[in-house]
Amino acid sequence: MTDLEDLFDSHTHHFDSKNRAIVQLTELFPDKLPPFFSFGVHPKENDFDMEEIGKTCFRLNEYKGFLAIGEIGLDNRYDSAEVQEELYVYQLKLASELSKPIILHCVNSWDRCRFLHEKHAPETTLIYHGFNKASIVKQVLEYPRSIISIGESVLSNPKLRLAVEQIPLHRLLLETDMGNHELIDTYKSVSEIKSVSLRALTEQLDQNAKRIFKYD
Ligand SMILES: [Zn+2]
């Protein structure tokens, strides 16, 4: 039985999270690595060394806690489309080579994110993190390799609540990201929306996590 004190959090920037969280590494080699983590260069970065990213990923791959490449992706609020795309594709190829799921940062770029994923890493799982664009939920779900991860916006965004109704439980994850709410509040809100008990939701998301991130 799943312990409700030990909720799965698919993406957080809180290094000392008390949840069973995939922590986004911001420093390359912190003295103490969290039990589970992801590494990748965010599309807003424009100062990076591609080869170094590759080397770092291979080094991190010696740790069992390295569960995903991310967050990576495309964000049309930044005026650097070409650089973003080059970086995204490079990291998609890394994910494919290392057989890791991808935590996707996508802002107004779903079609392109999907196209490039299908082209360069089609056998990996694409986790659309911080999903809050209710109007495209159907399009995202049409892509069989996608998983949708929802954060605390669900507490305040009625359209997103309607979108969550449409997401099958086996394709859903929940996260804190940079948020300040307790993860349990997001779990409670989604359990209401989906009309399932908190316990059942927790167990399902736990199974999803194990299936997608292949950890033990
Ligand atoms: Zn994040």
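What comes next concerns the included structure. (Residues numbered from 1 in each chain as written. Predicted model: local features only at pLDDT ≥ 70, side-chain atom pairs only at ≥ 80, totals over all residues.)

For strand 4 (residues 66-75), a buried count of 9 out of 10 residues is recorded, marking the element as mostly surrounded by other parts of the structure. For strand 3 (residues 37-39) and strand 4, the ladder comprises 3 bridges, and the chain directions are parallel. Its bridge partner being in strand 4, Phe 39 is matched across the sheet by Ile 69. On the question of chirality, the crossover connecting strand 3 to the parallel strand 4 by way of helix 1 (residues 50-60) is right-handed. Sheet topology places strand 4 next to strand 5 (residues 102-107); 6 bridges connect them, and they run parallel. The residue bridging Ile 72 from the neighbouring strand is Leu 104, located in strand 5. In this view, the connection linking strand 4 to its parallel neighbour strand 5 by way of helix 2 (residues 81-98) has right-handed handedness. (Buried ≥ 20, exposed ≤ 12 C-beta atoms within 10 Å, placed from the backbone. Helix = DSSP H or I, 4+ residues; strand = E, 2+ residues; numbered from the N terminus. Pairing = 2+ DSSP bridges. Right-handed = clockwise from strand over helix to strand, strands pointing away.)

This paragraph deals with the nonpolar core. One finds Ile 102, Leu 104, Ile 127, Tyr 128, Ile 148 and Ile 150 to be the most contacted residues of the largest nonpolar core, which totals 50 residues. Counting residues per element, this core draws most heavily on strand 4, which supplies 6 residues. If we skip the residues at most four places from it in the chain, Ile 102 touches Ala 68, Ile 69, Gly 70, Ile 72, Leu 92, Ala 95, Ala 121, Thr 124, Leu 126 and Ile 127. (Core = buried A, V, L, I, M, F, W, Y, C linked by C-beta atoms within 7 Å. Contact = placed C-beta atoms within 7 Å.)

So, on to the sheet that holds strand 1 (residues 8-12). Pairing in this open sheet of 8 strands is parallel, and the strands run 1-2-3-4-5-6-7-8 from one edge to the other. Each edge of the open sheet is held by one strand with a lone partner, namely strand 1 and strand 8 (172-174). Strand-to-strand twist of the sheet, defined as the mean angle between neighbouring strand axes without regard to direction, takes the value 30°. Of the strand pairs in this sheet, strand 5 and strand 6 (residues 126-128) are connected by 3 bridges, and their pairing is parallel. Bridging across to strand 6, Ile 103 finds its partner in Ile 127. In the packing of helix 6 (residues 183-193) onto the sheet, contacts are made with strand 1, strand 7 (146-150) and strand 8, and the angle to strand 8 comes to roughly 145°. (Axes fitted to C-alpha atoms, helices over the stretch in contact; angles between N-to-C directions.)

Bringing unusual backbone geometry into the picture now. Residue Glu 71 is bonded to the preceding Gly 70 through a cis peptide linkage, with omega at -5°. Positionally, Glu 71 belongs in strand 4. Phi is positive for Ser 195, which is not a glycine, with a value near 50°. With respect to the helices and strands, the residue Ser 195 is situated in the loop between helix 6 and helix 7 (198-213). The exposure class of Ser 195 is exposed, given the 8 C-beta atoms found within 10 Å.

Let us now look at the environment of Asp 111. Along the chain, Asp 111 falls in helix 3 (residues 110-120). Distance from Asp 111 to His 170, taken between C-alpha atoms, is 23 Å for residues 59 residues apart in sequence.

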